[in-house]
Each structure stands twice: as structure tokens, then as C-alpha cells.
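# Observations on the model geometry
Residues per chain, in single letters:
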Amino acid sequence: MNFKKLICSVLMLAALCAAPLAASAAPVTAVRSSVSPARVRLVFDSREPVKYTAEKNGLQLVVTLPDGTALAQSPVFKQDAVIKNITVPVKKKKKAQVVIDLTKDCQYKLYPLKNPDRLVLDIYRIPISKTTTQLAGGVTYTYAQEELNGRPIVSYLVSVAPSARLELRPFSAAGMYNGRGSLAKQAAQRGLVAAINASYFDTDGWVIGNVKDKGNFVAMDATPRSGYVVQGNEQKIVRDIAYTGSVMLPDGRALQLKGMNRARIANDLVLFNSYYATSTKTNQYGREVKIKNGRVVAVSTAGNMSLEPACVVLSGHGTNAAALAGLRLGDHVALTQSLGSSIADAATTVVSGGPLLVENGRVNVRTAEEQMAPDIARGRAPRTAVGLKPDGTLLMLVVDGRSSASAGMTLAELAQYFVKLGAVSAVNYDGGGSSEMVINGKIVNKPSDGRERLVSIGLGLFIK
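Read on for an overview of the structure. (Residues numbered from 1 in each chain as written. Predicted model: local features only at pLDDT ≥ 70, side-chain atom pairs only at ≥ 80, totals over all residues. Heavy atoms only, no water.)

### Remarks on the side chain of Glu413
Within the secondary structure, Glu413 sits in helix α6 (residues 411-421). Once residues within four sequence positions are removed from consideration, Glu413 is found in contact with Leu148, Asn149, Arg380 and Gly408. (Helix = DSSP H or I, 4+ residues; strand = E, 2+ residues; numbered from the N terminus. Contact = heavy atoms within 4.5 Å.)

### Examining the layout of surface pockets
Taken as a whole, the largest pocket spans an internal volume of roughly 610 Å³. Forming the boundary of the largest pocket are 32 residues, of which Tyr228, Val230, Asn233, Glu234 and Gln235 lie nearest the centre. Within the residue set of the lining of the largest pocket, elements represented by two or more residues are β12 (166-172), β18 (225-231), β19 (234-241) and β29 (356-359). In terms of residue count, β19 provides more of the lining of the largest pocket than any other element does, five residues in total. Of the residues contributing to the lining of the largest pocket, the split by class is 15 nonpolar, eight polar and nine charged. By volume, the second largest pocket is sized at about 430 Å³. Lining the second largest pocket are 17 residues, and of these Lys109, Glu146, Glu147, Leu148 and Lys420 lie nearest its centre. (1 Å grid on protein atoms, 1.4 Å probe; cavity = no way out; pocket = protein on both sides within 12 Å on 5 of 7 lines; lining within 4 Å. Points joined across faces, edges and corners; volume = space filled by probe spheres on them. Nonpolar A, V, L, I, M, F, W, Y, C, P; charged D, E, K, R; others polar.)

### Quick notes on the pattern of salt bridges
Two side chains carrying opposite charge are able to pair once their charged atoms lie near each other. Counted by the stated rule, this structure contains 16 salt bridges. As a salt-bridge pair, Arg239 and Glu359 come within 2.9 Å of each other at their nearest N and O atoms. Here the residue Arg239 occupies a position in strand β19, and Glu359 occupies one in strand β29, the gap between them amounting to 120 residues. Overall, Arg239 belongs to the partly exposed group, its relative accessible area being 34%. One salt bridge connects Glu308 with Lys290, and the closest N-O pair in it is separated by 3.0 Å. Remark: Lys290 occurs in strand β24 (residues 287-292) and Glu308 occurs in the loop between β25 (295-300) and β26 (311-316); sequence separation between them is 18 residues. Glu308 sits in the partly exposed class, given a relative accessible area of 28%. Linked by salt bridges that have partners in common, Asp240, Arg366 and Glu370 make up one network. (Salt bridge = Lys/Arg side-chain N within 4 Å of Asp/Glu carboxyl O. Buried < 20%, exposed > 50% of the residue type's maximum accessible area, 1.4 Å probe, protein only.)

### Observations regarding the pairing of strand β7 (residues 108-113)
Relative to strand β8 (residues 118-124), β7 runs antiparallel, the two sharing six bridges. Counted as the bridge partner of Leu113 is Arg118 from β8. If you look at the hairpin formed by β7 and β8, you'll find four residues sitting between the two strands, and Asn115 has a positive phi there, around 55°. (Pairing = 2+ DSSP bridges.)

### Digging into the sheet that holds β7
The four strands lie next to each other as β1-β2-β8-β7, forming an open sheet whose pairing is antiparallel. Only two strands of the sheet have a single neighbouring strand rather than two, namely β1 (28-35) and β7. The average undirected angle you get between the axes of adjacent strands in this sheet is 15°. Judged from the seven bridges that link them, β1 and strand β2 (residues 39-46) form a sheet pairing that is antiparallel. Pairing of Val35 across the sheet is with Val40, part of β2. (Axes fitted to C-alpha atoms, helices over the stretch in contact; angles between N-to-C directions.)

### Examining the sheet that holds β26
If you trace the five strands from one edge of the open sheet to the other, you get β22-β23-β26-β24-β25, paired in mixed fashion. Here the strands that pair on one side only, and so sit at the sheet edges, are β22 (259-260) and β25. Sheet topology places β24 next to β26; six bridges connect them, and they run antiparallel. Note that in β26 the partner of Val289 across the bridge is Leu314.

### Points about the packing of aromatic side chains
Evaluation of the coordinates by the stated rule reveals four aromatic pairs. Judged by centre distance (4.8 Å) and plane angle (55°), the ring pair of Phe272 and Tyr276 falls under tilted. Per residue, the accessibility class of Phe272 equals that of Tyr276, and both read buried. Taking NZ or CZ as reference, Lys109 lies 5.0 Å from the ring centre of Tyr111, over its face. In this arrangement the basic side chain of Lys212 is found over the ring face of Phe217, its NZ or CZ atom lying 5.3 Å from the centre. (Phe/Tyr/Trp six-rings, centres within 6.5 Å; stacked < 30°, edge-to-face > 60°. Lys NZ or Arg CZ within 6 Å of the ring centre and 35° of its normal.)

In C-alpha cells form, the structure reads like this:
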């Protein structure tokens, strides 16, 4: 696209059309123009609501304005990828027409705006399309190619009605245990109608977020973040989900847990369960205590203690290893865990990511409050997010980015997009190269890495 020529042309158009009108009863006073990768926009300023019509015949678009409209002389419009020439009414005529000669068949949109009154004509450089298919009872998938703030956007939306016999639940993209793996492979193996990536993660699969499935703790993080929660039959987007945990020893001392189902680091106290792996994968520089039904059933200083269902392992290093040294087989140990929210604590499903995007039907992007990194908080990128409509309809959204076909969205644009979709609440998840949507086992979006990125946690539609 020859943007330099087009910019020069529209600047000429704006300058010429800014000339004062001859005395006329016509309400249109001036025309402004702008150029962007996805559209050319003409804005006709007015003193009052404008009556107008538009007709497209082949490669010519004709906009009819109120009688008597005169907008200075017609500019010479150089060849462009979309527009060949624009002629504006230069004399007072009973029938004032703006004639746009196109270089190819284009879609357009003509619409009025108020406060102040104006008429907007958008001529799209890209195809605008939307296709919706039904995936299951109450579940639809919509592919959309559109324009947002002058940029091309490609989005993928799965809508799940409250009547659908499916539920959104987290799963490990690595398979049975925490780690990193192919979202598409796991979604296919599990027979999921639809799946998206979810929580953030480190390179070794360390989940950065709070995840609960069927009431069981899968991964935990102390940073307060927003997330998707299911409590009973009710879905919610909840703020400030943050993990805290403590261990009460027989002598009355309380030790604070610093993490769960992640690598143990210096002077750490980490809790492991069978969602993590078959063993703790720790080295010998620490002490580990296995607990079942509140009682110590094994103690080890060798590291890499085995993990089984119905058991947890306390793994301490440095000062915390020393604090565990007094525990013996049969000792009673009281474990307390919370997500900092009565709703999240009572929930069967919790998947946090952040930041919050929409709250009570209004944009509320909480990047600072949720301590989001600059590469997430700023700029335009591929995005993954979940929203809820007032009737309980679930919205799973992925937006492509970092390409000429789709620019991606800022977090503010993503929040506004959810409001436009009718969401009353929404939360962001990991984006960039991680953003992925899988439908019936196949990746439908175009990951910005050029290939599927191995991720840690997915969110998929499971049969209830």
C-alpha cells in the first residue's frame, strides 16, 4: 500500500475542504480525513444531524449530502491501493454528491455520530467478515476479520450458553502433571470441543498463577491476580486471588509456605502434591516430609521424594529445612491454605491470570494493582481472555497479533472489545506467542511465533 501518496492526498483534501462555505442552508461545514492500515476515513462535520444516502456501483461509491452542500474545489487524488480519486461537491447543487472512485471492490460503512454531529465514511482496505458455526448445543464459534481503531484485527470467539452441557476447567498442557506441552495435543486427547491457553508460566513450566480443579490445588502463587472462578453453579471473575499457606508443627511453631508445586529455591518451603509430578524433583540439599491425613508418614534428606494421591510433601531448604528437622513419623501437622477470597476458597475451579479487564460492565484494567510486567501491560499484542455476559454466557476469546493481518490489541482495547460483546466481567490471560485457540483438536488461530508455543495451563470445555 502506498501510504505516503495517500497521506499527501488526504491532507490536500482536508486543507481544501477546510475553506469556508459559501452562504448556504446546508448543514455540512467541512470534511476531514485520515489514513490507517485498515481503512480510509472521511468525516463530514455538520451543524445538525445529516440526511444522507450512499450507493455503490461497481468501483464507484457515491454519497449524497444535503442540498446546497459546497466544500471548496475537488482535489486531485493520486493513485492508491484502494482509492483512485475523490470528488467533492464544489458548487451549490440541489443534489450534492461526493464521488469516490475505487481501485478495487471494497467494503465501506457510512454512519452518523453525535456530540458533535458528523457523518463518518470508512472505506476498508481489508475484507470485513464474520462467520459463526455451532460446535455443540449452546456452543458457537465465531471467526471475525475486522477493523479496530484503524488497524486490522482477526479474532476467534467461543460463546458458551448457560444451557450448554459443558463446563470450563483447567488442565495441564504437559499431560498428567505440571510442566509445558502442546495445548492442541492435550485438547485432542481429552476430546475437548474448544480450548485456550490460560495462566502465565516460567520456562521450566513453573505456573505463575493460582489453579484449582475439582476443588484440588494444582498450582499456587502469592501475587494477587484476577481469575475465572466457578463456585457451585455460578461462574465469576474474581479480583485479588492470592495464595497463602502455613504449617503448624507439633511444638506450636507456624511455618509460612512460600509456594506450591514449583521448583524449590534457597531458604524455601514449598508444598508438593501429586499434580506436580511423580516426585518433587529436588536435590539432596534440603529436608522433605510426607504427610497423609495430617500425619507424618515419611521423612527424607535425600531429596526427590515420591508423590502420590492423598499425600503432600513439605520440602524445605536452609532455615526451613532446619525447621522441619524435628518432625518424626506419626507427628501431627496442621496445614492451612487460602486464596485470600471466600469465593475462591469455596470454588471448585480457579484459574487466575490477570489483569482484570471489565468489572460491572465497565472497563477496569488493573495492571498496576496486579503488578503486571511492562511487556504485558503496555503495547499491542496477541491476547487471550475470558469474559461473562449478564445471563451467564461464557466468552472465550483469542486475538491474533504482531502481523500485517492482525495488529493485536492493547489491554484497554481488549477490555472495550469485551464490553462491545456484552460482557459484564472479563479477565486477561497469557498472551503474545502463547495465545492459542484449539477447536476440536485443531489450532484455528495463527500463533505469533509462527508455530505453537509449549504452554503450561489450558482452559477447556469438558462434558459436565
